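One letter stands for each residue in the lines below.
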Amino acid sequence: MWKGRFSQPTSERVQRYGESVSFDWRLYAHDIRGSIAQSKALLKAGIITKQEQTDIERGLLAIKEEITSGNFEWQESLEDVHMNIESELTQRIGPAGAKLHTARSRNDQVALDVRLYCRDEVDAIVAHISELQRALVQCAERNQKAIMPGYTHLQRGQPVLFAHHLLAYVEMLERDTNRLMDASERLNVMPLGSGALAGSTILLDRELIAKELGFPAITQNSMDAVSDRDYVAEILFAIALCGVHLSRLSEDIILWASAEFGFIALSDAHTTGSSLMPQKKNPDVAELTRGKTGRLIGNLMAILTILKGLPMTYNRDMQEDKEPLFDSIDTIKAALGVFAEMVSGMDVRTEKTKAAASDPMLLATDLADWLVKQGLPFRHAHEVIGKLVAYSIEQKRGFADLKVSEYKQFWKGFNKSVYKVLTLDTALAARKNSGAPSPANVAAQLKRWRKLLSA
Ligand code: ARG
């Protein structure tokens, strides 16, 4: 493509080192879509005839079909997806093909292709997120009555509904969706016409190209347009954070599936055995996801590091954006998909969650709140109940088993109505601040999510 200036062919090692077609071939559909829009602008600019535009469009669509069916021969010597397709087109249709790259550089071309690709992939990831959210909501609905301890520091804190715990992840995933869609909105700007860095002396109707490709706006600075990879970084961040959320869910699932917790049983289809220990049933899907999150974070670090030292404008370093991008997109889609399946097949051992939640200590805060309702300042109430907790541990008797006279040793105003707060059902029902896990609140949240996710 640049043979005019050179008297030596590219060394084979350099070719192998610099080629990107082995991975950027997957941009072909977007590359072809962009080239067809480009040809329409060239027609309008009077650079090609109607016949030539038709030939280009037909030629490109035929190449696309060949690639899709797996019959296209990619050539490493042609470096990347862009030159492979352009060269094939020119071979097929002659001089009209050689006119296609007028007023265009691979720099604005690749910027366009990646934006188009990201736009589509964000939609695909968002659909995968919804699928997992639906699986979580359904699991929460199947186990709507299940009570479990809520933890801080992995120490039992206060009782919650299992459904409330799962809905926390549905919230996180919703923010992931919003972040991805927000990034998608920002990247939805059309860069063609920026050329290598300074546009072109050949005037193209950029608005026409944007309209053709469904972009609501065009880039306003040609140098920024060819050197900008913010959208790659933003998407990699949104994916990494989604991965972090899945990794935290993984950690919960791994703990819950252990004999020590025993809160859930994963289906045989979503666990693996041991080649040595016959009894084992391992939560590999969750462990792999926790592990793969390392890759997602690494990919984000890679793009930030690639970009940080680059002078304006395009530098070949930027070709290194694609493998992390593709890897993160593939990884998160796979993880979300397999998680949706695993959550759908997950059984909750409600007797185990209930037993754990029946630890009387979980109601210590409720006792302090009872004192507050009798007029004690919370700090004072906290201290009184703290001493009662120590006494109860020393006595090896729960709060419900202590006599009123024993309560009175810690605060003389105690009376038998205190026992009313000492049941799990009362404790949960009383947590009716919005956002808190009373059964009525959780039912309303489930209803809200069911509606949102079916839309
Ligand atoms: N394969 C290149 C990339 O992904 C396309 C742009 C090449 N531009 C250049 N001036 N060599 O970045």
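For the structure, check the block above.
Remember, predicted model here, so these are calculated numbers, not experimental data.

*Asks:* Can you help me understand the site of the ligand in this one?
*Replies:* Around the ligand, the neighbouring residues are S20, D24, D80, H82, R106, N107, V110, Y314, Q319 and K322. R106 has a polar side-chain atom sitting 3.4 Å from a nitrogen atom of the ligand. Interatomic distance of 2.5 Å between a side-chain N/O atom of Y314 and an oxygen atom of the ligand. If the ligand stood free it would expose 340 Å²; the protein chains cover 87% of that surface.

*Asks:* Which parts of the structure should I look at to understand empty space enclosed by the protein?
*Replies:* In the structure shown here, the tally under the stated rule is one cavity of 30 Å³ or more. Estimates place the volume of the largest cavity at around 30 Å³. Among the elements of the structure, α11 (230–257), α12 (284–308) and α13 (322–344) are those that each provide at least two residues to the lining of the largest cavity. The dominant element in the lining of the largest cavity, judged by the number of residues it contributes, is α12, at four residues. In terms of residue class, the lining of the largest cavity is built from four nonpolar, four polar and one charged.

*Asks:* Hey, could you run me through the packing of aromatic side chains in this one?
*Replies:* Geometrically, a pair of aromatic rings is defined through the distance of the ring centres and the angle of the planes. Taken as a whole and assessed by the stated rule, the structure comprises 11 aromatic pairs. Ring centres of F72 and W74 lie 4.7 Å apart, and the angle between their planes is 65 degrees; this geometry places the pair in the edge-to-face category. Aromatic side chains Y407 and Y419 sit 5.8 Å apart centroid to centroid with 85 degrees between the ring planes, which places their arrangement in the edge-to-face category. Of this pair, Y407 sits in helix α17 (residues 404–408) while Y419 sits in the loop between α17 and α18 (424–429); the two residues are 12 residues apart in sequence, bridging distant segments of the chain. Aromatic ring contacts, followed pair by pair, group W370, Y407, W411, F414 and Y419 into a single cluster.

*Asks:* How should I be thinking about the pairing of strand β2 (residues 155–161) in this particular structure?
*Replies:* On a regular strand, one side chain projects to one face of the sheet and the next to the other, so that they alternate. Bridging between strand β1 (residues 147–152) and β2 involves six bridges; their strand directions are antiparallel. Opposite G150, over in β2, you have Q158 as the bridge partner. Turn length for the β1-β2 hairpin, with the two strands adjacent in sequence and antiparallel, is two residues, and the turn residue H153 shows positive phi of about 55 degrees.

*Asks:* Would you take a moment to explain the nonpolar core for this structure?
*Replies:* Grouped burial of nonpolar side chains is what soluble globular proteins tend to show. By size, the foremost hydrophobic cluster in this structure holds 105 residues, and its most contacted members are F162 and L325. The greatest single-element share of this core, amounting to 17 residues, is contributed by helix α7 (residues 106–142). Excluding its chain neighbours within four sequence positions, the residues that come into contact with F162 are C139, N143, A146, M148, W256, I264, M346 and V348. With 22 residues, the next largest nonpolar core counts L376, A381, V421 and A427 among its residues.

*Asks:* What am I meant to see in the packing of helix α3 (residues 28–44) against helix α5 (residues 81–93) here?
*Replies:* Between two packed helices, both the angle of their axes relative to each other and the distance between the axes serve to describe the pair. Relative to each other, α3 and α5 sit at 55 degrees, their axes nearing to 10 Å. Looking at the two axes, α3 sits oblique to α5. Of the two possible hands of crossing, α3 and α5 adopt the one that is right-handed. For the pair α3 and α5, the contacting residues are Y28, D31 and I32 in the first and V81, H82 and I85 in the second. When its residues are assigned to classes, the contact of α3 with α5 shows four nonpolar, one polar and one charged.

*Asks:* Looking at this structure, how should I read a nonpolar patch on the surface?
*Replies:* Taken together, the side chains of M1, W2 and F6 present a nonpolar region at the surface, about 340 Å² in accessible area. Within the secondary structure, W2 is located in the segment before α1 (12–18).

*Asks:* Hey, could you run me through the side chain of D176 in this one?
*Replies:* When you line up the elements, D176 lands in helix α8 (residues 162–187). The residues contacting D176, other than those within four sequence positions of it, are I129, A238, L241, C242 and H245.

*Asks:* Before we go on, may I ask you to explain unusual backbone geometry in this structure?
*Replies:* Trans peptide bonds make up most of the peptide bonds, and negative phi angles are found at most residues other than glycine. In this model, M312 is joined to T313 through a cis peptide bond whose omega is 0 degrees. Along the chain, the position of T313 falls in the loop between α12 and α13. In this model, A103 sits at a positive phi of 60 degrees, which is unusual for a non-glycine residue. With respect to the element layout, A103 can be found in the loop between α6 (95–99) and α7. Positive phi is not limited to glycine here, since H153 has a value of about 55 degrees.

Cut-offs applied
Residues numbered from 1 in each chain as written. Predicted model: local features only at pLDDT ≥ 70, side-chain atom pairs only at ≥ 80, totals over all residues. Heavy atoms only, no water. Near = heavy atom within 4 Å. Polar contact = N/O pair within 3.5 Å; in protein donor to acceptor, adjacent residues only side chain to side chain. Areas by Shrake-Rupley, 256 points an atom, 1.4 Å probe, with all protein chains shown as cover. 1 Å grid on protein atoms, 1.4 Å probe; cavity = no way out; pocket = protein on both sides within 12 Å on 5 of 7 lines; lining within 4 Å. Points joined across faces, edges and corners; volume = space filled by probe spheres on them. Helix = DSSP H or I, 4+ residues; strand = E, 2+ residues; numbered from the N terminus. Nonpolar A, V, L, I, M, F, W, Y, C, P; charged D, E, K, R; others polar. Phe/Tyr/Trp six-rings, centres within 6.5 Å; stacked < 30°, edge-to-face > 60°. Pairing = 2+ DSSP bridges. Core = buried A, V, L, I, M, F, W, Y, C linked by side-chain atoms within 4.5 Å. Buried < 20%, exposed > 50% of the residue type's maximum accessible area, 1.4 Å probe, protein only. Contact = heavy atoms within 4.5 Å. Axes fitted to C-alpha atoms, helices over the stretch in contact; angles between N-to-C directions. Parallel < 35°, antiparallel > 145°, perpendicular 65-115°, else oblique. Left-handed = near helix turned anticlockwise from the far one by under 90°. Patch = residues over 30% accessible without salt bridge, like charges linked within 9 Å, V, L, I, M, F, W, Y side chains within 5 Å. Salt bridge = Lys/Arg side-chain N within 4 Å of Asp/Glu carboxyl O.

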